[in-house]
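Observations on chain architecture
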Amino acid sequence: MKLGLLDAISEKMRWHQTRQTLLAENVANADTPGYRGRDLKAYGFEEHMKNLSTSKIATVTTQPGHIAISGTDADGFGARSMNSFEITPEGNGVTLEDEMMKVAGNQMDYQAITALYTRSVKLIKTALGKQA
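Okay, so let's go over this structure. Not measured: the values here are computed from a predicted model.

Here we come to the overall build of the chain. Check the secondary structure of the chain and you find three helices and two strands. Listed by position from the N terminus, the elements making up the chain come as α-β-α-β-α. For the chain, the proportion of its 132 residues judged to be buried stands at 23%. In the chain, of all internal contacts separated by at least 6 residues, the share reaching a separation of at least 24 is 78%. Surface exposure of the chain reaches about 9,700 Å², of which carbon and sulfur atoms provide 57%.

This is how it looks when you write it as structure tokens:
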């Protein structure tokens, strides 16, 4: 049984996890010459609801000679290069302080959405008469 709200919350949690991975890559490559940081486009609940469908289409490799398609779009959330206004002498566009602020903000948002998910599940269990 799928519940739209819980599905959307789960998707938001996955978005935060994917963003944390990208931000960690930015921090790890803060001193790499020529590296350009990446971030995800903002998550939108309305966009998520528009993308919901009862049928899913997936590509499969049916012959050994076929080329497999791999996801390069950060788990489907639309990773994009950041516009870097500050470029270091090495040509790197990542500012460590800014990335750490994004990491902290993302972590707080993830904790908030996780708490909301937990409370929603407890509310459903209570409504069903099960021990919360």
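A rise of 1.5 Å per residue sets the reference length of helix 3 (residues 96–127), with its 32 residues, at 46 Å; its end C-alpha atoms lie 47 Å apart and thus fit the reference within 8%. When helix 3 is considered as a whole, its buried residues turn out to be Glu 99, Val 103, Asn 106, Ile 113 and Ser 120. Residues of helix 3 that are buried in the fold lie against helix 1 (4–28). Just past helix 3, the residue Gly 129 takes up positive phi, approximately 80°.

A cluster of basic residues, Arg 119, Lys 122, Lys 125 and Lys 130, forms a positive patch at the surface. Here Lys 122 is to be found in helix 3.

With that settled, the discussion passes to the pattern of salt bridges. Scanning all chains against the criterion turns up five salt bridges. Of the charged contacts, one joins Asp 39 and Arg 19 as a salt bridge, the two residues approaching to 2.8 Å between their closest N and O atoms. Linking Asp 39 in strand 1 (residues 38–40) with Arg 19 in helix 1, this pair joins segments that are 20 residues apart in sequence. On the accessibility criterion, Arg 19 (14% relative accessible area) is buried. Across the pair Asp 39 and Lys 102 runs a salt bridge, and its minimum N-O distance is 4.0 Å. Here Asp 39, found in strand 1, pairs with Lys 102, found in helix 3; they are 63 residues apart in sequence, far enough to count as distant. Judged by its relative accessible area of 10%, Asp 39 falls in the buried class. Residue Lys 102 is classed as partly exposed on the basis of its relative accessible area, which comes to 25%. Through salt bridges with shared partners, a single ionic network connects Arg 19, Asp 39, Glu 99 and Lys 102.

Criteria and thresholds
- Residues numbered from 1 in each chain as written.
- Predicted model: local features only at pLDDT ≥ 70, side-chain atom pairs only at ≥ 80, totals over all residues.
- Heavy atoms only, no water.
- Helix = DSSP H or I, 4+ residues; strand = E, 2+ residues; numbered from the N terminus.
- Buried < 20%, exposed > 50% of the residue type's maximum accessible area, 1.4 Å probe, protein only.
- Contact = heavy atoms within 4.5 Å.
- Areas by Shrake-Rupley, 256 points an atom, 1.4 Å probe, with all protein chains shown as cover.
- Expected span 1.5 Å × (residues − 1).
- Patch = residues over 30% accessible without salt bridge, like charges linked within 9 Å, V, L, I, M, F, W, Y side chains within 5 Å.
- Salt bridge = Lys/Arg side-chain N within 4 Å of Asp/Glu carboxyl O.
- Lys, Arg positive; Asp, Glu negative; His and termini not counted.
- Charge placed at Lys NZ, Arg CZ, Asp CG, Glu CD.

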